Amino acid sequence: MIQVKNVSKSFTVYKKDSGFKGAVKGLFKRQKEEIKAVKDISFQINKGEIIGYIGANGAGKSTTIKMMTGVLTPSSGQILVGGVVPHENRIENAKHIGVVFGQRTQLWWDLPLEETYTILKEIYNVPDQVFKERYDYLTDLLEIEPFIKQPVRTLSLGQRMRADLAASMLHNPDILYLDEPTIGLDVMVKERIRKAIKSMNQKYNVTVILTTHDMSDIQELATRIMIIDKGEIIYDGSKEAINKQFGNTRQLSLKIDGLSDQHVEVMTQFMADYESRVAIEEGALKITFNQDQIAVADILSYVMENYRVLDFSLQDQNIEEIVKKLYTGGVS
Ligand SMILES: Nc1ncnc2c1ncn2[C@@H]1O[C@H](COP(=O)(O)OP(=O)(O)OP(=O)(O)O)[C@@H](O)[C@H]1O
Ligand SMILES: [Mg+2]
């Protein structure tokens, strides 16, 4: 369904010296610099898969998606989406895809949402009966009815994202590209969006390519994970393999009264029998551990017995850390 073969993308940027002198100099000679955003990536995606496409900021995720949607032209390599070269046939390609960029809306700012959907129906030539079925399903699934008469510019971020997601599915696309669809949303809305994505995938067998910095999105949705680092794909495989190695890693962050290196020493000793890392970061004592080996309650109760804990929080290991580990260790 999607074939990406040896694709690279470079951007040429022109550097300017700062200040007036720089501006004048820039008129005559501009300093060129090449940024290799994506380097020789290859993969295939089959119908119905949900791909979690992850990587650190600037790794090349959005650039990859923009090439698959036809917005950007690869510097080299081939992309075929449903037999079509996206950047050469942008309109044909657009008929079969839905796109949501979390950072900006695809909807018309001043139009009531309802009208936006009617216009999309006309643009994509969706038959009445099909449209009605989809419209009812999507507005119900994403609970859009309460604000459907409002102009898009008056919607909250969570409402807008749900509206965008519904819009992207109205014309029955084969593929849904979601670039950070849960960014900036509260836990409840994130959950609703995840449920909706799952439901749409099951009901219509739509292929989903999802980028996110939220590991919970990945855990709940992805059937396969691709990790990109500095433009290169460093992992492409099952979620299970990643989970086996990293999934049960948690980080406990403790604000302790009078925090010092001594706390690090004591806790390092306490954790000595387990895979772990203890350090002071951002003014907090951070303990990274594998929860298969020791329960968070055991660590917490030890700390609380011995120190005055002002605050604590528990986090999944973030993507940056997983990428770092993968890069040095690899997944077995
Ligand atoms: N139009 C452009 N011109 C110049 N450089 C660009 C352009 N678009 C992207 N880049 C550069 O390409 C690299 C990859 O960017 P990209 O947006 O694909 O990253 P990303 O993985 O989506 O990151 P994020 O998680 O922050 O969204 C970055 O170094 C970025 O600065
Ligand atoms: Mg991006």
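What counts, and where the lines are drawn
Residues numbered from 1 in each chain as written. Chains lettered and ligands numbered in written order. Predicted model: local features only at pLDDT ≥ 70, side-chain atom pairs only at ≥ 80, totals over all residues. Heavy atoms only, no water. Helix = DSSP H or I, 4+ residues; strand = E, 2+ residues; numbered from the N terminus. Buried < 20%, exposed > 50% of the residue type's maximum accessible area, 1.4 Å probe, protein only. Contact = heavy atoms within 4.5 Å. Areas by Shrake-Rupley, 256 points an atom, 1.4 Å probe, with all protein chains shown as cover. Lys, Arg positive; Asp, Glu negative; His and termini not counted. Charge placed at Lys NZ, Arg CZ, Asp CG, Glu CD. Phe/Tyr/Trp six-rings, centres within 6.5 Å; stacked < 30°, edge-to-face > 60°. Domains from an automatic or database assignment. Near = heavy atom within 4 Å. Polar contact = N/O pair within 3.5 Å; in protein donor to acceptor, adjacent residues only side chain to side chain. Nonpolar A, V, L, I, M, F, W, Y, C, P; charged D, E, K, R; others polar.

A.B. asks: Please give an account of the overall build of the protein that cites residues and values.
C.D. replies: Of the regular secondary structure elements, the protein holds 12 helices and 13 strands. Seen along its three principal axes, the alpha-carbon backbone of the protein occupies a region of about 70 × 60 × 45 Å. Looking at the protein as a whole, 46% of its 332 residues are labelled buried. Taking the contacts inside the protein whose residues are at least 6 apart along the sequence as the reference set, 73% of them involve residues at least 24 apart. Summing over all exposed atoms, the protein offers an accessible surface of approximately 17300 Å²; the carbon and sulfur share of this is 49%. The protein carries 41 positive and 44 negative side-chain charges, and their two centres are separated by 7 Å.

A.B. asks: Any details on the packing of aromatic side chains? Residues and values, ideally.
C.D. replies: Enumeration over the complete set of coordinates arrives at four aromatic pairs. Centroid distance Tyr 137 to Tyr 204: 5.5 Å. Interplanar angle 80°. Geometry classified as edge-to-face. You can see Tyr 137 sitting in helix H5 (residues 128-141) and its partner Tyr 204 sitting in helix H7 (residues 187-204), a full 67 residues away along the chain. The same class applies to Tyr 137 as to Tyr 204, namely buried. Taking the centre distance of 4.0 Å and the plane angle of 10° together, the rings of Phe 270 and Tyr 302 count as stacked.

A.B. asks: Please give an account of the domain arrangement of the protein that cites residues and values.
C.D. replies: Partitioning the protein into domains gives domain 1 (2-7 + 40-244) and domain 2 (249-329). Its C-alpha centre places domain 1 at a distance of 36 Å from the equivalent point of domain 2.

A.B. asks: Describe the site of ligand 1, listing the residues and the values that go with them.
C.D. replies: What surrounds ligand 1 is a group of 13 residues, the closest being Asn 57, Gly 58, Lys 61, Thr 63 and His 213. One of the side-chain nitrogen or oxygen atoms of Glu 180 is found 3.3 Å away from an oxygen atom of ligand 1. The protein chains hide 65% of the 640 Å² of surface that ligand 1 would expose on its own. When contributions to the shell around ligand 1 are tallied by element, the ones reaching two or more residues are strand S1 (2-15) and helix H2 (61-69). Top element by residues in the shell around ligand 1 is H2. It accounts for three residues. By residue class, the composition of the shell around ligand 1 is five nonpolar, six polar and two charged.

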